[in-house]
Amino acid sequence: MKTATERTAESSTGETGERTTVEVRCTGHVRGAVGEPRLEYTFEGTTLRDFLDAFFAEYDVKDLLIAETEEDATTSGWASPPDELPGTWKKNPEGEQTRQFARVAVNGQFNEHLAGLDTELEADDRVSLMYPFIFCC
């Protein structure tokens, strides 16, 4: 049975790093750029931020998923929102949001409903990188 994280040997600076292996699922444009719909990926660290930094260094898909500005993260809707929204509404800060129509999920939950990019990952977690093909009339 796998442990949640694997400790690596001490580095020359005396620090120990943790490596985590997750299952990555890619859809739409991300799948096209990565070339595979599913892969196992090992990275140094334990958070979604650590994973994304490592994954983006290897696969050039950051621009498909992460919005650098609020404008990149939002789109106008078809209906006006009510004056008072139900539930708890909080938004990830700029630079930590997904682009409009794109999503990053951990075990089926969108990262903005978890701890954002600071979501802790464990071995065998499923990270989904989604940017669907969208066709409109």
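The preceding data block contains the structure.
Quick look at the structure, then.

1. Remarks on the overall build of the protein chain
And step 1. Per the secondary structure count, the protein chain includes 4 helices and 8 strands.
And step 2. Taken from the N to the C terminus, the helices and strands of the protein chain come in the order β-β-α-β-α-α-β-α-β-β-β-β.
And step 3. In the protein chain, which comprises 137 residues, the proportion classed as buried is 32%.
And step 4. As displayed, the protein chain has an accessible area near 9,100 Å², and 48% of this comes from carbon and sulfur atoms.

2. Notes on the packing of aromatic side chains
And step 1. Using the criterion set out here, one finds 6 aromatic pairs in the structure.
And step 2. An aromatic cluster is present here, built from Tyr41, Phe43, Phe51, Phe55 and Tyr59 joined pairwise through their rings.
And step 3. Over the ring of phenylalanine 110 we find arginine 103, and its NZ or CZ is 5.3 Å from the ring centre.

3. With respect to the pattern of salt bridges
And step 1. Tallying each qualifying case throughout the model produces 5 salt bridges.
And step 2. The residue glutamate 23 makes a salt bridge to arginine 25 at a minimum N-O spacing of 2.7 Å.
And step 3. Judged by its relative accessible area of 24%, glutamate 23 falls in the partly exposed class.
And step 4. Residues participating in the shared-partner salt-bridge network are Glu23, Arg25 and Arg38.

4. Details of the nonpolar core
And step 1. One finds Val24, Leu48, Phe51, Phe55, Leu65 and Leu129 to be the most contacted residues of the largest nonpolar core, which totals 25 residues.
And step 2. For this core, the secondary-structure elements that each account for two or more residues are strand E2 (18–27), helix H1 (28–34), strand E3 (38–44), helix H2 (48–58), strand E6 (103–106) and strand E8 (126–131).
And step 3. In terms of residue count, H2 provides more of this core than any other element does, 5 residues in total.
And step 4. Non-local contacts of leucine 129, meaning those with residues more than four positions away in its chain, are made with Val24, Arg25, Cys26, Thr27, Val30, Phe51, Leu52, Phe55, Leu65, Arg103 and Val104.

5. Let's talk about the environment of aspartate 63
And step 1. With respect to the helices and strands, aspartate 63 occurs in helix H3 (residues 62–65).
And step 2. Separated by 35 residues in sequence, aspartate 63 and threonine 98 place their C-alpha atoms 9.5 Å apart.

Calculation rules
Per chain, residues are indexed from 1 in the order of the written sequence. Per-residue local features of the predicted model are confined to residues with pLDDT of at least 70, and side-chain atom pairs are confined, for both listing and counting, to 80 or more; whole-chain, interface and lining totals are unaffected and use all residues. Side-chain measures were taken over the full set of non-hydrogen atoms in the model, leaving aside hydrogen atoms and water. Labels follow the DSSP assignment, with helices taken as runs of H or I lasting at least four residues and strands as runs of E lasting at least two, numbered in each case from the N terminus. Here the term buried applies to any residue with accessible area under 20% of the maximum for its type, exposed to any over 50%, and partly exposed to those in between, with areas from a 1.4 Å probe on protein chains only. Where accessible areas are quoted, they stem from the Shrake-Rupley method and a 1.4 Å probe; at the residue level, only the protein chains shown are allowed to cover. Whether two aromatic rings pair depends on their centres lying within 6.5 Å, for rings of Phe, Tyr and Trp, where Trp uses its six-membered ring; planes under 30 degrees apart make the pair stacked, over 60 edge-to-face, and the rest tilted. Only Lys NZ and Arg CZ are tested; either one counts as a charge over a ring when it is within 6 Å of the ring centre and within 35 degrees of the ring normal. Salt-bridge detection follows one rule: a side-chain nitrogen of Lys or Arg within 4 Å of a carboxyl oxygen of Asp or Glu. Here, nonpolar core means buried Ala, Val, Leu, Ile, Met, Phe, Trp, Tyr and Cys residues that are tied together by side-chain atoms lying within 4.5 Å of each other. Pairs of residues are marked as contacts when any of their non-hydrogen atoms sit within 4.5 Å.

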